[in-house]
Amino acid sequence: MVTCYLRYVIDPEKLTEFEKYAKMWIPLVNKFGGIHNGYFLPSEGANNIALALFTFPSLAAYEQYRNDSFADADCMTAFQYAKDTRCIISYERSFFRPVFE
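Residues numbered from 1 in each chain as written. Predicted model: local features only at pLDDT ≥ 70, side-chain atom pairs only at ≥ 80, totals over all residues. Heavy atoms only, no water.

Enquirer: Please explain the sheet that holds strand β1 (residues 2-10) as it appears in this structure.
Expert: Sheet strands pair via backbone hydrogen bonds, and the direction of the pair is either parallel or antiparallel. If you walk across this open sheet you meet the four strands as β2-β3-β1-β4, and the pairing is antiparallel. Edge positions in the sheet fall to β2 (35-40) and β4 (88-96), since each of these pairs with one other strand and no more. Here the strands of the sheet are splayed against their neighbours by 15 degrees on average, with no regard to which way each runs. Note that β1 and β4 share eight bridges and pair antiparallel. When the bridges of β4 are listed, C4 appears paired with F95. Here helix α2 (residues 59-69) sits on the sheet and contacts β1, β3 (49-56) and β4; the angle it forms with β3, its principal contact strand, is near 115 degrees. (Pairing = 2+ DSSP bridges. Helix = DSSP H or I, 4+ residues; strand = E, 2+ residues; numbered from the N terminus. Axes fitted to C-alpha atoms, helices over the stretch in contact; angles between N-to-C directions. Contact = heavy atoms within 4.5 Å.)

Right, here's the structure in full:
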């Protein structure tokens, strides 16, 4: 199991647009076999940092999702929405393995 951690630097004036973008991706990750653990939007503290966490059974399954997403119409719509609205300034991606016991 691998969890993808995305840390976004967002435009705080476009929080509504970013939230719409986030809501587009939750069902898409699930569609491709992942489990979306949610987006986390600014509340207190920094107003330009948002997070997302989602899990796939393996890094290979995540990589398959990434490849397939570039050919999926709904994913392409989400990518284009972020580009058009410029709600995301930058992001970084890291991978973690969970420990439950």
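Past the structure itself, the notes keep going.
Enquirer: How should the environment of Y81 be read in this particular structure?
Expert: Considering the arrangement of structural elements, one finds Y81 in helix α3 (residues 73-85). Not counting residues up to four positions away in its chain, the partners in contact with Y81 are E17, K20, Y21 and M24.

Enquirer: I keep staring at the layout of surface pockets and nothing clicks. Help me out?
Expert: Empty space left among the atoms is revealed by rolling a probe the size of a water molecule over them. Here the largest pocket is characterised by a volume of approximately 250 Å³. Considering the residues around the largest pocket, the lining is formed by 15 residues, among which Y8, Y21, R66, F79 and R93 are closest to the centre. Residue classes in the lining of the largest pocket are distributed as 13 nonpolar, no polar and two charged. (1 Å grid on protein atoms, 1.4 Å probe; cavity = no way out; pocket = protein on both sides within 12 Å on 5 of 7 lines; lining within 4 Å. Points joined across faces, edges and corners; volume = space filled by probe spheres on them. Nonpolar A, V, L, I, M, F, W, Y, C, P; charged D, E, K, R; others polar.)

Enquirer: Please explain the pairing of β1 as it appears in this structure.
Expert: Remember that side chains alternate between the two faces of the sheet whenever the strand is regular. For β1, the buried fraction is high: seven of the nine residues fall into the buried class. Note: β1 against β3, eight bridges, orientation antiparallel. The residue of β3 that forms the bridge with V9 is I49. (Buried < 20%, exposed > 50% of the residue type's maximum accessible area, 1.4 Å probe, protein only.)

Enquirer: Would you explain the packing of aromatic side chains in this entry?
Expert: Aromatic ring pairs: the centre-centre distance and the angle between the two ring planes describe each pair. Per the counting criterion, the structure on display carries 18 aromatic pairs. Through a chain of ring-to-ring contacts, the aromatic side chains of Y8, F18, Y21, W25, Y39, F70, F79 and Y91 assemble into a single cluster. (Phe/Tyr/Trp six-rings, centres within 6.5 Å; stacked < 30°, edge-to-face > 60°.)

Enquirer: Got a minute to help me understand the pattern of salt bridges in this structure?
Expert: Side chains that carry opposite charge are capable of pairing whenever their charged atoms lie near each other. Applying the stated criterion across every chain, the model contains three salt bridges. With a closest N to O distance of 3.4 Å, K23 and E19 form a salt bridge. Of this pair, K23 and E19 both sit in helix α1 (residues 15-31), four residues apart, which is roughly one turn of the helix. Since its relative accessible area comes to 55%, K23 is described here as exposed. Taking relative accessible area as the criterion, E19 reaches 32% and is therefore assigned partly exposed. (Salt bridge = Lys/Arg side-chain N within 4 Å of Asp/Glu carboxyl O.)

Enquirer: Looking at this structure, how should I read the nonpolar core?
Expert: Note on soluble globular proteins: their nonpolar side chains tend to be buried together. Counting 23 residues, the largest nonpolar core has Y8, F18, Y21, W25, Y39 and F54 as the members making the most contacts within it. Per-element tally for this core: the top contributor is α1, with six residues. (Core = buried A, V, L, I, M, F, W, Y, C linked by side-chain atoms within 4.5 Å.)

Enquirer: Honestly, the side chain of D11 in this entry has me stumped. Any pointers?
Expert: For D11, the location among the structural elements is in the loop between β1 and α1. Nearest to the buried, unbridged D11 among oppositely charged side chains is K14, at 4.3 Å. From its side chain, D11 meets the backbone nitrogen of E13 in a polar contact 2.8 Å long. (Lys, Arg positive; Asp, Glu negative; His and termini not counted. Polar contact = N/O pair within 3.5 Å; in protein donor to acceptor, adjacent residues only side chain to side chain.)

None of this, on its own, says anything about what the molecule does.
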